[in-house]
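Each chain, letter by letter, is given below.
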Amino acid sequence: MTVVTRIAPSPTGDPHVGTAYIGLFNYAFAKRHGGRFIFRLEDTDRQRYDAQAEARILEMFSWLSIAPDEGPGIGGDAGPYRQSERTDIYRQHVEQLLASGRAYRAFETAEELDAMRTEQKLLGRPLGYDGRGRSVPRQDQEERAAAGEPHVVRLLTPDDGATVFVDELRGEVSILNQEIRDPVLLKSDGYPTYHLANVVDDHLMGVTHVIRAEEWITSTPIHVLLYQAFGWPAPRFVHMPLLRNPDKSKVSKRKLDTSVASYREQGILPEALLNFLATMGWSMADGSEFFSVDEMVAAFDIQRVSLGGPVFDLKKLRYFNAKYLRDLLSLDEVARRVTPLLEERGYRWDDHDYLLDVVDVLRPRAETLVEIADGAGYFFTDEVRYDDSARKQLAGGQKYLEDLEREFSILEFFDYDGVDDLLHDYVQAQSVGMGKVLQPLRAALTGTTSAPGVTDLVTILGKRRVLQRIGQALSAINQGLPDDNPQRAADAEKAAAKAASAAKAASAAKAASAAKATSAGRAKAAPANPGTPATAPADETAAAGDAAETTAGTAPKKGGTATKARTTPAKRGSPG
RNA sequence: GGCCCCUUCGACUAGCGGUUUAGGUCACCACCCUUUCAAGGUGGCGGCACGGGUUCGAAUCCCGUAGGGGUCACCA
């Protein structure tokens, strides 16, 4: 018997992490046993139906590389795979149950059922359908149905005893039949309910293992009863623990971001999401925590699912993502994936090695693709904005910047070692701390004080841009560091506006208000340095690459940062 | 509330009667490295929900209690 599993989402909102989660385990189980994984659309709720959803869910699985073997738009022998296209099948099966007396037509209106529930609540009685429709004679049921009276079809369930099934992870689960209240099989709109469609389809599609979320556990007896009513063997059941919000309730978009597309937009990698999801309630026997889907499949054992509901922890997801970004994926791969994000921001470069250098120094400091792209600005545009800490450094670094401008301009070998030696020599000659000199330089180069190593920055940016930026910084210093902080400028603008409105009252205030507006305007109009997004200086990068030949084999410095050891064009040894 | 499921550090988990002074990871803290920020290294904090049994021996088995979750729709 070949194993067949399925993922059966309903096309409602955004593709959900829970769907990805259950899909992953169904996929892993099927593949581990050489079986098939089916995608089936449970679109029987016409009220909540979202026409976009099907394509988006499929797109999600495609992004995750969890490929169904059968499904809508994919094909397969057991189609159609949209339940809305199988209504005839369900109707036939309902007829069968009606004929055998295992189901009956019920004519209560929604209002009547509401009233029933209200009464039950009032009397403190157990909630649920009380089976009142059972007493309508079959003859009457058929006549009323034939006359076009709206109705549903309900499964006739036993009142006594219990229905037992085996959950592969929990063992026997037994539920008293009195808890099962003649569930609706066919709705008055002619569409089947989940229970009917699910059982009929799982049977017809040859599903051998139903792997679904724990929330289904209490309705499994309904399904078991249905299989019995049809005279079919039931599949095996596996109920996965429910993913949880931080407060332990089941994941919901009210309390957590449950949209896979949203994580994708945030720069989460599919590999990381999957790996993270895999560790929710499951672990590798050898204890490894980083593994691909293929590795998971190869080692998959459903019995290693743990039953406590795992909390979906954003921090850990981001950690996994960061791990993939800096260690598990190749530099080339990461570069390939940030490329569209950089292009979106209008950044251009014409030397692929330049991109690699940039990504190489940025990725250990980022947790998502978006963070890499967001932090890459100063590598692609000369419009450097100085933040508060940067201006502080600049203010005290004028002399060093002037010196370095001169030194760099006469530096012949503008590669990692050349720059590094120059910097060290200079700092030593000044007999000051490294930070004293390098922080102002970093600020001039990037506009921030938290950035990659200065030697890396200088080497990657290249001589021309380094000199240009130092020049820009020096003129900014000379102009008294005009305030180009966007936040501050905005604040100033706001203050000016406020002052302006206040000025209406008092003419005496007019002059002051005008002055303020002027200063705010100047601040706003004084970006540190005009400039357009520039192209990476390919020549300089290439020059650095050439020099790399001599140092390519250099072992990482002891105690040095990993970044420095393998980062720079020089060290990476990429001839332009 | 009835029924069902679950219960190891704040979070994810390893553990399936003795190899355990309960291991790993994230988070957090400290230190190291260090030109900033990261990364990395080292160390630390912190847990078997509780109570009974069974057993020579229990985190591991049983019962009870407590807690958490799910479910009680013509939604899935």
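As the structure is a prediction and not an experimental result, all values here were calculated from the model.

Parameters and conventions
- Residues numbered from 1 in each chain as written.
- Chains lettered and ligands numbered in written order.
- Predicted model: local features only at pLDDT ≥ 70, side-chain atom pairs only at ≥ 80, totals over all residues.
- Heavy atoms only, no water.
- Helix = DSSP H or I, 4+ residues; strand = E, 2+ residues; numbered from the N terminus.
- Expected span 1.5 Å × (residues − 1).
- Buried < 20%, exposed > 50% of the residue type's maximum accessible area, 1.4 Å probe, protein only.
- Arc of directions from axis to C-beta.
- Contact = heavy atoms within 4.5 Å.
- Pairing = 2+ DSSP bridges.
- Axes fitted to C-alpha atoms, helices over the stretch in contact; angles between N-to-C directions.
- Right-handed = clockwise from strand over helix to strand, strands pointing away.

(A) Geometry of helix 3 (residues 87–99). With 13 residues, helix 3 extends 18 Å from end C-alpha to end C-alpha; this agrees with the ideal 18 Å at 1.5 Å per step. For helix 3, every residue scored as buried is listed here: T87, Y90, H93, V94, L97 and L98. Projection of helix 3 onto a plane perpendicular to its axis shows the buried side chains occupying an angular sector of 145°, all on one side. Turned more than 90 degrees away from the buried face of helix 3, the exposed residues are D88, Q92 and A99. Tucked inside the fold, the buried residues of helix 3 contact strand 3 (103–106), helix 5 (138–146), strand 4 (152–155), strand 7 (184–186), helix 6 (194–204) and helix 7 (220–230). Two residues or fewer past helix 3, G101 is found with a positive phi of approximately 80°.

(B) View of the sheet that holds strand 3. Across the sheet, three strands lie side by side as 3-4-7; this open sheet has antiparallel pairing. Of all strands in the sheet, those bounded by a partner on one side alone are strand 3 and strand 7. On average, adjacent strands in this sheet sit at an angle of 45° to one another, irrespective of strand direction. For strand 3 and strand 4, the ladder comprises four bridges, and the chain directions are antiparallel. Within strand 4, the residue paired with R105 across the bridge is V153. Running over the sheet, helix 3 touches strand 3, strand 4 and strand 7 and is turned about 105° from strand 3.

(C) Broad picture of the pairing of strand 8 (residues 209–213). Burial analysis of strand 8 places five of its five residues in the buried class, the great majority of the element. Alignment of strand 8 against strand 9 (residues 236–240), held across five bridges, turns out to be parallel. Looking across to strand 9, one finds that A213 is bridged to M240. What joins strand 8 to strand 9 is helix 7, and the crossover it makes is right-handed.

(D) Geometry of the side chain of Q83. Inspection of the secondary structure puts Q83 in the loop between helix 2 (53–64) and helix 3. Setting aside residues up to four positions removed in sequence, Q83 forms contacts with R40, L41, E42, D43, T44, Y90, A197, N198 and D201.

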